[in-house]
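Residues per chain, in single letters:
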Amino acid sequence: MNLKHFFAVLTLGLLATATWAQQQPAPKVAIKSELASPLILENSQDKNYLKVSLTGFPLHATKRSPINLALVIDRSGSMGGERIAQATEAAVMAVNTLSAQDTLSVVIYDDVVDVIVPAAKVGNKEILISHIREQLTARGGTALFAGVSRGIKETSKFLDKAHVNRIILLSDGQANVGPSSTSELAELGKIAARKGIAITTMGIGEGYNEDLMAAIAQYSDGNHVFVQNTDALEKAFAHEFGDVMSVVAQDVVVQINVADNVKPLRLLGREGDIRDNTVTVKLNQLYANQEKYVLLEVLPAKGHATQSQTLAEVNVSYNNLATGQKDRWDDKMTVSYTASASDVQKAQVEDVVVDSAIQKSALQNEQALQLIDQGKMEEAKAVLRDSADALNSLPVSAPAARMKAQESAAENLQLLEKMQSDSKEASRKSLKEQSYKTKNQSSKSN
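Rules used throughout
Residues numbered from 1 in each chain as written. Predicted model: local features only at pLDDT ≥ 70, side-chain atom pairs only at ≥ 80, totals over all residues. Heavy atoms only, no water. Core = buried A, V, L, I, M, F, W, Y, C linked by side-chain atoms within 4.5 Å. Buried < 20%, exposed > 50% of the residue type's maximum accessible area, 1.4 Å probe, protein only. Contact = heavy atoms within 4.5 Å. Pairing = 2+ DSSP bridges. Helix = DSSP H or I, 4+ residues; strand = E, 2+ residues; numbered from the N terminus. Axes fitted to C-alpha atoms, helices over the stretch in contact; angles between N-to-C directions. Expected span 1.5 Å × (residues − 1). Arc of directions from axis to C-beta. Salt bridge = Lys/Arg side-chain N within 4 Å of Asp/Glu carboxyl O. Parallel < 35°, antiparallel > 145°, perpendicular 65-115°, else oblique. Left-handed = near helix turned anticlockwise from the far one by under 90°. Nonpolar A, V, L, I, M, F, W, Y, C, P; charged D, E, K, R; others polar.

Student: In this structure, what is going on with the nonpolar core? I would like to understand it.
Tutor: Soluble globular proteins tend to bury their nonpolar side chains together. Judged by nonpolar contacts, the single largest core of 40 residues is most densely connected at Leu69, Leu71, Ile73, Val106, Leu170, Leu233 and Phe237. Those residues in contact with Phe237 that sit more than four places away from it in its chain are Leu71, Ala90, Met93, Ala94, Ile168, Leu170 and Met202.

Here you go:
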C-alpha cells in the first residue's frame, strides 16, 4: 500500500462511523491499577510495583479531533540534497493529509527563523504546497532553539483543548546558533507541555544530538525518532500522522497517594513528581487502542498474616476528546499478608512483573549509552546481552507476559546485531531511540 492510499484509508476509517458513534455510549479510556505482588509475605518488606495503565478507546467510537500542527524544519547547509528534498515531500504529505478543520504552520530555520506558512486553517492546498517547495532550500547554521520557540508561538495562536496540538521537529545537526544545551532545549519541551503541546522530534542521519532531541520530546510527551536513512523519512512521517490522527484523550493526570506507612521509591520510565506521599505524573496525549502506563516502585509496610492494609489511592483525570468532557477515575489499592511464600508467588501479577523488568532493562541500556560515550563498545554490548538474558529468563508462565518479555529481549538482541555493523554514532542513536520508546511506551515505527 503506498502512502497516499494509506492516508486515504486512514481518513475514511476515522470519519465513516461518526453517525454510528453518536448512538453509542460515550467512550472512555480503559484504566486499571495493579500491584506486582498484591499478596505479601508476613513480616517482610520487599519492593513492590504499582502500575496504572490507560488504554485509549477504539477509533471507530468517534470522529477524529481537529489537528493544530506546526512543522519546524531544519534548513541548514547539512540538510542539502536528498535530505531537504525528503523533508519537503514530508511537509507536502502533511498538507495533503490535513483537512479544512485543521490548522497548519510551517517554520524553517538556519541562522534565522522564517515562517513560510503562518498558522491558519488549511485552505488551498496547491498554494500551500507550491509555497513550501519554493521556500524550503538548504543554507546556513542551526538555530534550533529559535526554530522550536517559533513553532510553539505559531501553535499557540490556535490552542484549543478540543484540538490535537502538535509540533513535528526535523533536524540533522547540532544546535549551533543561540541556546544549545540539552537543559535549555528541554525547557522548551516543558513550556510546550504546560500549553498542552506535544513535540515530536525526528533526528535525521548521524550528526544530530540525540540527547537534546529526546529531551525536548520527553518533557512535552511527544515521540522521538531516529531516521537513519533519508528515504525512511516519509515512512516515519506516516507513522507519526497515524498517532496524531488517533489522539483520543489529552491532559492526562495520574496522582497516586500512598499510605503513611508506605514509601514511594521511584518512578520507572516516565518522569513525574514525588513529594512526600504524593506522586503525580502527567501525560500530554493518549492514542486509540494504545496502552500507556505509570509504574511506581514502592516499599510497603510490614504486616501479619491474614491482615490487609491500604497501600495507595489512585486518581486519574483526562480530557475526553470524543465528548469534550473531563473524565475522572478513582481506585484504592490494598495489600494482604500471608505466611505462605508459595501463595505470594501464585498471586503475582505477571504483566506488572514483566513491565517492571522491561523498565529496569531500559535503565541498564542508559548505562550502555554511557559506556559507548567512553569508547567501551564491548562493555556496552555486554549490557544489552545481559538485559536480553534477564528478560528471557523471567519466571513468568502466562503466554501474554512471556511474549512481552521475549519481544523486549529480542529488541535488545536486534540492537546488539546492529552494533556489529553500524557506526558508533548510529549505534548510540538507535539505542537512545529504543530506550526512549520503552520508557514512554511509544508505538514502534518499524
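Following the structure, the description resumes.
Student: For this particular structure, what's the right way to read the sheet that holds strand E6 (residues 113–121)?
Tutor: In sheet architecture, strand pairing relies on hydrogen bonds along the backbone and comes in two forms, parallel and antiparallel. In space, the six strands of this open sheet follow the order E6-E5-E4-E7-E8-E9, with mixed pairing throughout. Each edge of the open sheet is held by one strand with a lone partner, namely E6 and strand E9 (224–227). Each strand of the sheet is rotated relative to its neighbour by a mean of 10°, with strand direction disregarded. As paired elements, strand E8 (residues 198–204) and E9 share four bridges and run parallel to each other. Along E9, the bridge assignment pairs Gly203 with Phe226.

Student: Sorry if this is basic, but what is going on with the sheet that holds strand E13 (residues 278–287) here?
Tutor: Taken together, six strands build an open sheet; the order of strands is E2-E16-E15-E10-E13-E12 and the sheet is mixed. Looking at strand neighbours, the two that pair on one side only are strand E2 (39–41) and strand E12 (273–275), the edges of this open sheet. Across the sheet, the axes of successive neighbouring strands diverge by a mean angle of 20°, strand direction being ignored. As defined by bridge partners, strand E15 (residues 308–320) adjoins strand E16 (residues 325–338) across 12 bridges and the pair is classed as antiparallel. Within E16, the residue paired with Asn320 across the bridge is Gln325.

Student: Sorry, what's going on with helix H11 (residues 377–392) here?
Tutor: Working note: α-helix, 3.6 residues per turn, so residues spaced by three or four point in the same direction. Between its terminal C-alpha atoms H11 stretches 23 Å, which fits the 22 Å expected from 16 residues at 1.5 Å a residue. Restricting attention to buried positions, one finds in H11 the residues Met377, Ala380, Lys381, Val383, Leu384, Ser387, Ala388 and Leu391. All buried residues of H11 lie within an arc of 155° about the axis, which places them on one face of the element. Of the surrounding secondary structure, the elements contacted by the buried residues of H11 are helix H10 (350–373), helix H12 (399–419) and helix H13 (424–440).

Student: Before we go on, may I ask you to explain the pattern of salt bridges in this structure?
Tutor: For side chains bearing opposite charge, pairing can occur when the charged atoms are close. Overall, the coordinates contain 33 salt bridges when judged by the stated rule. In this structure, Glu291 and Lys51 form a salt bridge, with 3.1 Å as the shortest nitrogen-oxygen distance. With Glu291 in strand E14 (residues 291–299) and Lys51 in strand E3 (residues 48–55), this residue pair connects regions lying 240 residues apart in the sequence. Among the residues examined, Glu291 registers a relative accessible area of 28% and is labelled partly exposed. With its nearest N and O atoms 2.5 Å apart, the salt bridge here joins Glu89 to Arg133. Taken together, the positions of Glu89 in helix H3 (residues 82–97) and Arg133 in helix H4 (residues 125–135) put the pair 44 residues apart, joining distant regions of the chain. Judged by relative accessible area, which is 42%, Arg133 ranks as partly exposed. Because the salt bridges share partners, they merge into one network encompassing Glu210, Asp211, Glu366, Asp373, Arg428, Lys429, Lys432 and Lys439.

Student: Looking at this structure, how should I read the packing of H10 against H12?
Tutor: If you want to describe how two helices pack, look at the angle between their axes and the distance between the axes. Look at H10 against H12: their axes get within 8 Å of each other, and the N-to-C directions meet at 15°. On the basis of their axis angle, the class for H10 and H12 is roughly parallel. H12 is crossed by H10, and the crossing has right-handed handedness. Counted together, Glu350, Asp351, Val354, Asp355, Ile358, Ser361, Asn365 and Ile372 of H10 and Ala401, Lys404, Ala405, Ser408, Asn412 and Met419 of H12 form the full contact between these two elements. Per-class residue counts for the contact of H10 with H12 are six nonpolar, four polar and four charged.

Student: How should I be thinking about unusual backbone geometry in this particular structure?
Tutor: A negative phi angle is the norm for most residues apart from glycine, just as the trans form is the norm for most peptide bonds. With a phi close to 60°, Asn43 is a non-glycine residue in the positive phi region. Judged by its relative accessible area of 45%, Asn43 falls in the partly exposed class. At Asp251, a residue that is not glycine, the phi angle is positive and equals roughly 50°. Relative to the helices and strands, Asp251 is located in strand E10 (residues 247–258). Judged by relative accessible area, which is 34%, Asp251 ranks as partly exposed.

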